[in-house]
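# Overview (structure and organization)
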Amino acid sequence: MEKHNENLDDHNMVDENQIFIERKNKLKAIRAKGIAYSNNFKPKNHSIDIHNDFDNYTKEEIESLESSAKQIVIAGRIMLKRIMGKASFITLSDSTGQIQLYINNTIENYEDFKTFDLGDIIGARGEVFKTNKGELSIRCSGIELISKSLRPLPDKFHGLSDQEIRYRKRYIDLIVNPDVKQTFMQRSKAIQSIRSFMVNNKFLEVETPMLHPIPGGASAKPFATHHNALDMQMYLRIAPELYLKRLLVGGFDRVFEINRNFRNEGVSVRHNPEFTMMEFYACYTDYNWLMEFTEKLIQDVVQTICNKSTIEYQGKELDFVKSFERLNLVQAIVKYAPKYIEQDLHDIDKLKQYLKDIKIDTNSPRLKNAGIGALQLALFEEVAEHLLWNPTYIIDYPVETSPLARVSDTNNQITERFELFIAGRELANGFSELNDPEDQANRFKQQVLAKDAGDEEAMYYDEDYIDALEYGMPPAGGCGIGIDRLIMLITNSLSIRDVLFFPHMRKK
């Protein structure tokens, strides 16, 4: 028997390679006796249900129950093992939690059991009881090995603390860090909550292509690939927007898609090359309706998952009770960076100087030919965006940075567009949709010129989308919400990698 199988601490004393060899030898012996990885054990119970059913019983009350009412068939992973001569205790972990098993030498294969290791997946049958100390346990009448664990689990006291290993080997992280599993349970519930909210508001869930002949719907650098059979360049979707709006042309009034997007850009605590968004479109609405609807949606999800509307994020309160504040770019700059004078923010030369003062290159492809609106946006992103803590809508974006949004009826330099910021990061982007095919064609042409001038994130000209608009699209509003960033808030996670099962990492 391995030295380390009495306690997880012993992993520190035995070389992992030696442990691996010892366990391989055990597996060899198991194979010699028959099937090593069997698939004939069918559990009937989960630890959480056992606790829910029996935790409130006293030791005597459980003993008085009929034997048939106490029978348990459970499977899971050995997380702790204590051998005490003729009797032993195991902490068993399944997908719902943990429970203690009691095994004594009256079971048929007790000697085999003593060779089981931490991490092994086992099946057990027995009766529920409570120990003299009041711990709910299962007195095993039978136990068997289901899957042999060849590699040792991390030390139980130090856990899996190396952040990079936790991301690269998420399966180990989930085994030894219960809080991580809880994060992903909350993620799943939040997505279910979003889906229910949308369906209850008469939106139809749809699916659109992930391989696009022309990347569109956002300003981003795409991943390119080649389709051999069609012999054509294809791109992984950067956004589903243009396909969803084709459905509005086709006659659907309200559609949404919970989708994976791919952008060939940087990796950071808030960016991953592939990420999840929910985009939705509603005919005969505008950006004011969208802001009200998005606010209700996010408030509903937070309340549903957190059971409260004021939550803590990274040690600071986030208030989802109040109506979300609305500011335009200039108002936000003046409020959060008051050293800038409002009238100066309408002067193109002073704006350029402000940007140069904070080391922003105004001769870059993105800003070289920028107008006042784009320069205001660049300044906002540097001096105010990160300070927007409680939910805040930044509204009325410049036309030149909003190629798919409808122009305001009162000011042809701005669009009916908003972005929602929470905890200093963008969470949603929405606008009254541009449904004028001639205007849209001209906007695409401007994007092509920007791309030719070196802006890699500028949009392509999508001729088929223009064709679709020429058949007539109803006035509509559309919005995209970053699911991963919303989950970060709900689960109090600092990095987007904490809410993705398998985040992308650099090669070792």
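Described in the following lines is the structure provided in the data block.

The rules we used
- Residues numbered from 1 in each chain as written.
- Predicted model: local features only at pLDDT ≥ 70, side-chain atom pairs only at ≥ 80, totals over all residues.
- Heavy atoms only, no water.
- Helix = DSSP H or I, 4+ residues; strand = E, 2+ residues; numbered from the N terminus.
- Buried < 20%, exposed > 50% of the residue type's maximum accessible area, 1.4 Å probe, protein only.
- Contact = heavy atoms within 4.5 Å.
- Areas by Shrake-Rupley, 256 points an atom, 1.4 Å probe, with all protein chains shown as cover.
- Lys, Arg positive; Asp, Glu negative; His and termini not counted.
- Charge placed at Lys NZ, Arg CZ, Asp CG, Glu CD.
- Arc of directions from axis to C-beta.
- Polar contact = N/O pair within 3.5 Å; in protein donor to acceptor, adjacent residues only side chain to side chain.
- Pairing = 2+ DSSP bridges.
- Axes fitted to C-alpha atoms, helices over the stretch in contact; angles between N-to-C directions.
- Phe/Tyr/Trp six-rings, centres within 6.5 Å; stacked < 30°, edge-to-face > 60°.
- Parallel < 35°, antiparallel > 145°, perpendicular 65-115°, else oblique.
- Left-handed = near helix turned anticlockwise from the far one by under 90°.
- Core = buried A, V, L, I, M, F, W, Y, C linked by side-chain atoms within 4.5 Å.
- Salt bridge = Lys/Arg side-chain N within 4 Å of Asp/Glu carboxyl O.
- Expected span 1.5 Å × (residues − 1).

## Structural notes on the overall build of the protein
- A tally of helices and strands in the protein yields 15 helices and 18 strands.
- Viewed in the frame of its principal axes, the protein has a C-alpha envelope of about 85 × 50 × 50 Å.
- Looking at the protein residue by residue over its 508 residues, the buried ones come to 50%.
- In the protein, once contacts between residues fewer than 6 apart in sequence are set aside, the share between residues at least 24 apart is 66%.
- Summed over its atoms, the accessible surface of the protein is roughly 25,400 Å², and 48% of this surface lies on carbon and sulfur atoms.
- Across the protein, the centroid of the 64 positively charged side chains sits 7 Å from that of the 75 negatively charged ones.

## Concerning helix α11 (residues 348-357)
- Those residues of α11 not exposed but buried are L351, Y354 and L355. The arc that holds the buried residues of α11, viewed along the axis, is 95 degrees, so those residues lie on one side.
- Considering only its buried residues, α11 is in contact with α12 (372-383).
- The opening residue of α11, the one whose side-chain oxygen lies 2.9 Å from the backbone nitrogen of D349, is D347.

## Describing the sheet that holds strand β3 (residues 97-104)
- Overall, mixed pairing links the 5 strands, which are arranged β1-β2-β3-β5-β4 in a closed barrel. Each strand of the sheet is rotated relative to its neighbour by a mean of 55 degrees, with strand direction disregarded.
- Relative to strand β5 (residues 136-147), strand β4 (residues 121-130) runs antiparallel, the two sharing 10 bridges. When the bridges of β5 are listed, G123 appears paired with E144.
- Its contacts with the sheet put helix α2 (residues 47-54) on β1 (71-84), β2 (87-94), β3, β4 and β5, and the angle it makes with β3 is roughly 85 degrees.

## Concerning the packing of aromatic side chains
- Throughout the structure, instances matching the rule amount to 20 aromatic pairs.
- Ring centres of Y313 and W389 lie 6.2 Å apart, and the angle between their planes is 40 degrees; on these two criteria the pair is classed as tilted. Taken together, the positions of Y313 in strand β12 (residues 310-313) and W389 in the loop between α12 and β15 (392-395) put the pair 76 residues apart, joining distant regions of the chain. With respect to burial, Y313 and W389 carry one shared label: buried.
- Three or more aromatic residues joined by ring pairs make a cluster, and in this case those are F197, F203, F280, W289 and F293.

## Examining the packing of helix α7 (residues 178-200) against helix α15 (residues 483-490)
- Direction vectors running N to C along α7 and α15 enclose 120 degrees, while the axes themselves pass 10 Å from each other. Here α7 lies oblique to α15, going by the angle between them. Our pair here, α7 against α15, has a crossing hand that is right-handed. For the pair formed by α7 and α15, the contact residues are R187, A190, I191 and I194 on the first element and I483, D484, L486, I487 and I490 on the second.

## Quick look at the environment of I214
- Positionally, I214 belongs in the loop between β7 (211-212) and β8 (224-227).
- Residue classification places I214 among the partly exposed positions, given a relative accessible area of 27%.
- Between the C-alpha atoms of I214 and D462, which are 248 residues apart in sequence, the distance is 6.7 Å.
- Other than its neighbours up to four places away in sequence, I214 contacts Y235, Y460, Y461 and D462.

## Concerning the pairing of β1
- Among the 14 residues that make up β1, 10 are buried, leaving the element largely enclosed by the rest of the structure.
- Two strands pair when backbone bridges link them, and β1 and β4 are joined in this way by 7 bridges, in the antiparallel orientation. Counterpart to V73 in the pairing with β4 is R125.
- Bridge count for β1 against β2 is 7 bridges, and the pairing is antiparallel. Within β2, the position partnered with I83 by the bridge is S88.
- Joining the antiparallel neighbours β1 and β2 is a turn of 2 residues, in which G85 adopts a positive phi near 75 degrees.

## A short note on the nonpolar core
- Membership of the largest hydrophobic core comes to 45 residues, with the highest contact counts inside it found for M198, M278, F280 and F320.
- Broken down by element, this core gets its largest block of residues, 10 residues, from helix α9 (residues 287-306).
- In this view, M198 contacts F203, F256, M278, F280, F293 and L297; residues no more than four positions away in its chain are not counted.
- In terms of nonpolar packing, the next biggest core, distinct from the first, is built from 26 residues, L351, Y354, F380 and F421 among them.

## Digging into the pattern of salt bridges
- As enumerated under the stated definition, the model contains 28 salt bridges in all.
- For R237, the salt bridge goes to E257, with nearest N and O atoms at 3.2 Å. With R237 in the loop between β9 (232-236) and α8 (241-250) and E257 in strand β10 (residues 254-262), this pair connects stretches of sequence that are 20 residues apart. Assigned by exposure class, R237 and E257 land together as buried.
- In this structure, D344 and K350 form a salt bridge, with 3.1 Å as the shortest nitrogen-oxygen distance.
- Owing to a relative accessible area of 9%, D344 belongs among the buried residues under this scheme.
- Residues participating in the shared-partner salt-bridge network are R23, K26, D117, D120 and K148.

## Details of α9
- For α9, spanning 20 residues, the distance from its first C-alpha to its last is 28 Å, which sits close to the expected 28 Å at 1.5 Å a residue.
- Along α9, the residues that are buried comprise Y287, L290, M291, F293, T294, E295, L297, I298, V301, V302, I305 and C306.
- Its side-chain oxygen 3.1 Å from the backbone nitrogen of N288, D286 forms the N-cap of α9.
- Of the residues flanking the end of α9, it is N307, one or two places downstream, whose phi is positive at about 60 degrees.

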